[in-house]
Each structure stands twice: as C-alpha cells, then as structure tokens.
Amino acid sequence: MPIQGRNQPLVALLWHTTVVLVLLTVGYYLLPLRMTGSGAAAGGRLVGSVVAWGMLLVFLRVATRRSHERLPAEYVRIQRLLSALYLLVLSFALLYAITGTVAPDQFAGMTTRTDALYFSVTTTATVGFGDIHASGTFARLLVTVQMLVNLIYIGTALRVLSSGISFPRRDAEPEPEPEPEQDAEQD
C-alpha cells in the first residue's frame, strides 16, 4: 500500500480538526464583549451572536458526523477530545476577555481579546509566563476554576484515550509448551 493511502485517515483527521479549530477561533473573535447602544439594539446583537454561535456549532457537528464515517474510531475519539479541549480554552478566553473589558483592574496586562486567548492557552498549558496575571479576586476565582477544569478534563481525556489502546505486557511469562505424551508401552 502506498504511503499516501496509509496516512489518508491521519491527514483527514488533521485537516478536519484544523478546520474546526479555525472556525471556533473565528467565532470567538466575532462574539461581542460588551453590549453598547440602546437596550433593544444591544439585546438584538446578543441574540444574533448567540444564534450565529449556535449555528456554527450545529454546522461543525454535522460536518464532524460526515467526516467520522470515513475515520477509524480512535481518530474520531482524538478529534472530539481536541475539539472539546479547544472549546474549553475558548470559553475561558471569552470569560477573561469579558471580565477584562468590564473590570480592567481584574487582570494585569490583559488589554485585548488576543491577550485573553493567550492567557487561557498558557493557563491550560501550565506555562504561566507572568506577563498577564489575575490581580483581582474574581479573576483569580476564574483562573482557579479553569485550572481545576483542566485537571479534570485532561485526566479524563487521558483515561478515554488509553481505554481504547491495549499494549502487550512485557512482564508476562510465556505459557509453557505442553510436553509430548509418552507411550506407556515403552520397554
């Protein structure tokens, strides 16, 4: 079998996952952080944003189902876990961006939506460069919740991934071969 044929499911997984992550990121940047203007206009923008975000998620779900028909079950599991993790990262980034917009004193160094995404990724990766940090009580609470959710999610994701994989045990001794039966009539 040619190399391209063997790697085709992996390429499909990487391509589809990349498209999902890019669309989720675009949706993150399109959601409004603050409702300005009159009550009706602000409410309309909020409803429109939520509907658009919901439509994006429905589109991604339908596209994912179609691509999963052609992928091995392990790849489908990996893609779902990656997408869910990124959706968590974006959700916390959105909370950080809204908090930074409404109460700028809660985060030191966070001024843009990209800063919020960067902070969420560095928190998930447990890197914490220190250039952006929670300075207010509410922000610290949000970051603590994200860290706990990350621990639970990553532990669960590792369990789910490892449950479908079996490895031969190295310490298992091979079964002894049966001894050939000897004739009882030997002289």
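Quick note: structure is the one above.
Residues numbered from 1 in each chain as written. Predicted model: local features only at pLDDT ≥ 70, side-chain atom pairs only at ≥ 80, totals over all residues. Heavy atoms only, no water.

1. Section: the overall build of the chain
Now for step 1: Helix and strand counts for the chain come out as 5 helices and 2 strands.
Now for step 2: Each helix and strand of the chain, ordered N terminal to C terminal, gives the series α-α-α-β-α-β-α.
Now for step 3: The contacts in the chain between residues at least 6 apart in sequence include a share of 71% that link residues at least 24 apart.
Now for step 4: On the chain, roughly 13100 Å² of surface is accessible, and the fraction owed to carbon and sulfur atoms is 64%. (Helix = DSSP H or I, 4+ residues; strand = E, 2+ residues; numbered from the N terminus. Contact = heavy atoms within 4.5 Å. Areas by Shrake-Rupley, 256 points an atom, 1.4 Å probe, with all protein chains shown as cover.)

2. Observations regarding helix 4 (residues 113–124)
Now for step 1: For helix 4, built from 12 residues, the straight-helix expectation of 16 Å at 1.5 Å per residue is met to within 8% by its first-to-last C-alpha distance of 17 Å.
Now for step 2: Among the 12 residues that make up helix 4, 9 are buried, leaving the element largely enclosed by the rest of the structure.
Now for step 3: Of all the positions in helix 4, only Arg113, Asp115, Ala116, Leu117, Phe119, Ser120, Thr122, Thr123 and Thr124 are classed as buried.
Now for step 4: In the segment just after helix 4, Thr126 is the residue with positive phi, at about 55°. (Expected span 1.5 Å × (residues − 1). Buried < 20%, exposed > 50% of the residue type's maximum accessible area, 1.4 Å probe, protein only.)

3. Observations concerning unusual backbone geometry
Now for step 1: Positive phi is not limited to glycine here, since Thr126 has a value of about 55°.
Now for step 2: Among the secondary structure elements, Thr126 is positioned in the loop between helix 4 and strand 2 (133–134).

4. A closer look at helix 5 (residues 137–163)
Now for step 1: Look at helix 5: 39 Å from first C-alpha to last across 27 residues, which is about the 39 Å you get at 1.5 Å a residue.
Now for step 2: Taken residue by residue, helix 5 has Ala139, Leu142, Val143, Gln146, Asn150, Tyr153 and Ala157 as its buried positions.
Now for step 3: The inward-facing, buried residues of helix 5 abut helix 3 (73–102), strand 1 (107–108), helix 4 and strand 2.

5. Details of the nonpolar core
Now for step 1: Membership of the largest hydrophobic core comes to 22 residues, with the highest contact counts inside it found for Tyr28, Tyr96, Phe107, Met110, Leu117 and Phe119.
Now for step 2: Elements that contribute at least two residues to this core include exactly helix 1 (3–30), helix 3, helix 4 and helix 5.
Now for step 3: Ranked by residue count, the leading element in this core is helix 3, at 8 residues.
Now for step 4: If near-sequence neighbours (up to four positions away) are discounted, Phe119 is found in contact with Tyr96, Phe107, Met110, Ile132, His133, Ala134 and Val143. (Core = buried A, V, L, I, M, F, W, Y, C linked by side-chain atoms within 4.5 Å.)

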